[in-house]
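Secondary and tertiary structure notes
These are the residues of each chain, in order.
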Amino acid sequence: MNWGKLIILIYIVFAGFIGSMVYLMCRQRVDLVRDDYYQTELAYQQQINRMARTAQLAQSPAIRFDADQQVLHITRAAQTLANGKLTFYRPSDRRQDRVVTLQPDQATVSTASLAKGFWRVQLNWSENGQEFYSEESLTLP
């Protein structure tokens, strides 16, 4: 084999590699966080206000995961969270996102149906006419 054939072979292998990478990248799903991502970003000041109000609370809600029972424990007066919702946000695949509307006196939420991996648990609620927001990271084993 001479140098000319070797150079041609290297170009063919390189072109095949680039072609296969382009094919794989075109098949990769790319999701935005939400379908209405840009409209939501324009109204983000409301979210900042919710987080600031939550930070000013004397007792912010705490979300604790119990791996043995596969449940989340929400520590906060249950009657104040009665008009709230808990969102399980999966950054890697929005099709797996789940929203749970909290019922009065509900202090636990099952995580048995969720896939293993990284989740963000987002708690939204309102009390006395004001909205609040809290977020925790969760890794399910």
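Rules behind the numbers
- Numbers given to residues run from 1 along each chain, matching the order in which its sequence is written.
- Since the coordinates come from a predicted model, pLDDT governs what is reported: local features require at least 70, and pairs of side-chain atoms require 80 or more to be given and counted, while whole-chain, interface and lining totals use all residues.
- Side-chain measures were taken over the full set of non-hydrogen atoms in the model, leaving aside hydrogen atoms and water.
- Think of pLDDT as the predictor's per-residue confidence, scored from 0 to 100.
- In this description a helix means any DSSP run of H or I spanning at least four residues, a strand means any run of E spanning at least two, and both kinds are numbered starting from the N terminus.
- To sort residues, take the accessible area from a 1.4 Å probe on protein chains only and compare it with the maximum for the residue type: under 20% means buried, over 50% means exposed, and anything in between is partly exposed.
- Patch rule: a residue counts if its relative accessible area is over 30% and it has no salt bridge; like charges are joined within 9 Å, and nonpolar side chains (Val, Leu, Ile, Met, Phe, Trp, Tyr) within 5 Å.
- Note on areas: Shrake-Rupley with a 1.4 Å probe; residue coverage comes only from the protein chains shown.
- The term salt bridge refers to a pairing of a side-chain nitrogen on Lys or Arg with a carboxyl oxygen on Asp or Glu at a separation within 4 Å.
- At least two DSSP bridges between two strands are required for those strands to pair.
- Here the axes come from fitting lines to C-alpha atoms, over the contacting stretch only for helices, and the angles between their N-to-C directions go from 0 to 180 degrees.

Some points on the confidence of the model for the chain
Put simply, the chain has an average pLDDT of 83, and 91% of its residues get 70 or more. When pLDDT is averaged over each helix and strand of the chain, the minimum, 74, is found for helix 2 (residues 37-42) and the maximum, 94, for helix 1 (residues 3-27).

So, the environment of Cys26
Inspection of the secondary structure assignment puts Cys26 in helix 1. As for Cys26 and Tyr38, which are separated by 12 residues in sequence, their C-alpha atoms are 24 Å apart.

Things to note about unusual backbone geometry
Even without a glycine there, the phi angle at Gln70 is positive, about 55 degrees. Note that Gln70 resides in the loop between strand 1 (62-66) and strand 2 (71-75). The exposure class assigned to Gln70 is partly exposed, which follows from its relative accessible area of 38%.

Concerning a nonpolar patch on the surface
Taken together, Phe14, Phe17, Ile18, Met21, Val22, Tyr23, Leu24 and Met25 make up a surface patch of nonpolar side chains, about 810 Å² in accessible area. For Met21, the position within the fold is in helix 1. With a relative accessible area of 32%, Met21 lands in the partly exposed category.

Quick notes on the sheet that holds strand 2
Spatially, the 3 strands line up as an open sheet ordered 1-2-5, and their pairing is antiparallel. Edge positions in the sheet fall to strand 1 and strand 5 (108-110), since each has one partner strand and no second. For this sheet the average axis-to-axis angle between neighbouring strands, irrespective of direction, equals 25 degrees. Pairing of strand 2 with strand 5 involves 3 bridges; the strand directions are antiparallel. Within strand 5, the residue paired with Leu72 across the bridge is Val109.

Section: the pattern of salt bridges
Any two side chains of opposite charge can pair if their charged atoms end up close together. Tallying each qualifying case throughout the model produces 2 salt bridges. In this structure, Glu131 engages Arg50 in a salt bridge whose closest nitrogen and oxygen atoms are separated by 2.8 Å. One end of the pair, Glu131, is in strand 7 (residues 130-140); the other, Arg50, is in helix 3 (residues 44-55), and 81 residues separate them in sequence. Two residues, Glu135 and Arg120, come together in a salt bridge whose shortest N-O distance is 3.8 Å. Here Glu135, found in strand 7, pairs with Arg120, found in strand 6 (residues 117-127); they are 15 residues apart in sequence, far enough to count as distant. Residue class for Glu135 comes out partly exposed when judged on its relative accessible area of 34%. On the basis of relative accessibility, which here comes to 33%, the residue Arg120 falls in the partly exposed class.

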